[in-house]
Amino acid sequence: MTRDAKPARAAGGGEDGAGTPVGRRVVLGMLAAGAAGVATAPFLQRAYDSTLGAAAQKDPTGLSGLLPGGGGFRYYSVTGSVPEKDAHNYRLTIDGLVRHGTSYRLADLRGLPQTRLVRDVQCVTGWRVPGTPFEGVRLSALLDAAGVRPEARAVRFTCFDGAYSESLTLEQARRDDVLVALRMQDKPLAHAHGGPVRLYVAPMYFYKSAKWLSGITVTDRVEPGYWEDRGYDVDAWVGRSNGRDDAPTT
């Protein structure tokens, strides 16, 4: 308190600023409770994330997506439920205007050179998660391995939820900050965050970073994705689209 401030009267009477002394046992108890809270917080957060994520996948109303998840993220799916995939049954196919159609298992993707990016994540609805690490394979590397044909102009992405899709121009897809991501926040991608594999388009609003990625098709034109069909911008640069002025994420 400053020199001119008047101390508050303590509960239970006594002179200003005197109050009832806090006993040593009470202090030690408070410290112990605080330490226990710190120790159990990660476990409780993981349990909360898991429960909320599971609920979101089975919520046809989408209302559970309004609740905050771990690290400031929101869980959202455009379908009532999404099947889970793992190392045993996950496949990512690359086809369309390529010379070598390819199917990658999760182990195949993990065995390729990995790139780590740390950027803010910006949702077009307004929430932002600063300094979020993503790791994965550069999309450009997968396109180069498939051998893109000269007439190609764009890339379409499909997802194993059976409904979501997205697109990028070929130039956008070849950017160094566009990943086929396997990890987020230095952990393997959880199912609720679009795992085991999702797209990550760092400089664009997060709806472009399609969750539960299962297909990459090289096309001769941009095909609007799920949200573009519902009025969102196809070119979704953060701060330069959808009528928003958010700070760029790169």
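Here the structure is shown first, and the text comes after it.
Predicted model only: the values in this text are computed from it and were never measured.

A. A look at the pairing of strand β1 (residues 91-96). Strand direction decides the pairing type here: β1 and strand β2 (residues 102-105), joined by four bridges, are antiparallel. By the bridge assignment, Leu 92 is partnered in β2 with Tyr 104. Hairpin connection of β1 to β2: five residues between the antiparallel strands.

B. Broad picture of the nonpolar core. Ranked by internal contacts, the top residues of the largest apolar core, which has 43 residues, are Leu 92, Leu 139, Leu 143, Leu 213 and Ile 216. Of all elements in the fold, only β1, α2 (106-110), α3 (139-146), β5 (154-159), α4 (170-173), β7 (178-184), β9 (198-201) and β10 (213-219) reach the threshold of two or more residues within this core. At four residues, α3 tops the list of elements feeding residues into this core. For Leu 213, the residues in contact, after removing those within four places along its chain, are Tyr 90, Leu 92, Phe 157, Thr 158, Cys 159, Phe 160, Val 180, Gly 194, Val 197, Arg 198 and Leu 199. Counting 14 residues, the second-largest nonpolar core is a separate cluster that includes Phe 73, Leu 117, Tyr 200 and Ala 202.

C. Region of the structure containing the sheet that holds β1. Strand order in the open sheet made by the five strands is β2-β1-β10-β5-β6, with mixed pairing throughout. Each end of this open sheet is capped by a strand with a single partner; those strands are β2 and β6 (165-169). When the angles between neighbouring strand axes are averaged without regard to direction, this sheet yields 15 degrees.

About the thresholds
Residue positions are counted from 1 within each chain, in the order its sequence is given. Confidence filtering applies because this is a predicted model: local features only for residues at pLDDT of at least 70, side-chain atom pairs given and counted only at 80 or more, and all residues used for totals across whole chains, interfaces and linings. Calculation of side-chain values draws on the structure's entire complement of heavy atoms; hydrogens and water are dropped beforehand. A pair of strands is treated as paired once DSSP finds two or more bridges between them. Numbering of helices and strands runs from the N terminus; a helix is a DSSP stretch of H or I covering at least four residues, while a strand is a stretch of E covering at least two. As used here, the term nonpolar core means buried Ala, Val, Leu, Ile, Met, Phe, Trp, Tyr and Cys residues forming a set that is joined through side-chain atoms within 4.5 Å. When accessible area is computed with a 1.4 Å probe and restricted to protein chains, residues below 20% of their type maximum are described as buried, those above 50% as exposed, and intermediate ones as partly exposed. Contacts are assigned to residue pairs that have any heavy atoms within 4.5 Å of one another. For helices, the fitted line uses only the C-alpha atoms of the stretch in contact; every axis is such a line through C-alpha atoms, and the angle between N-to-C directions lies from 0 to 180 degrees.

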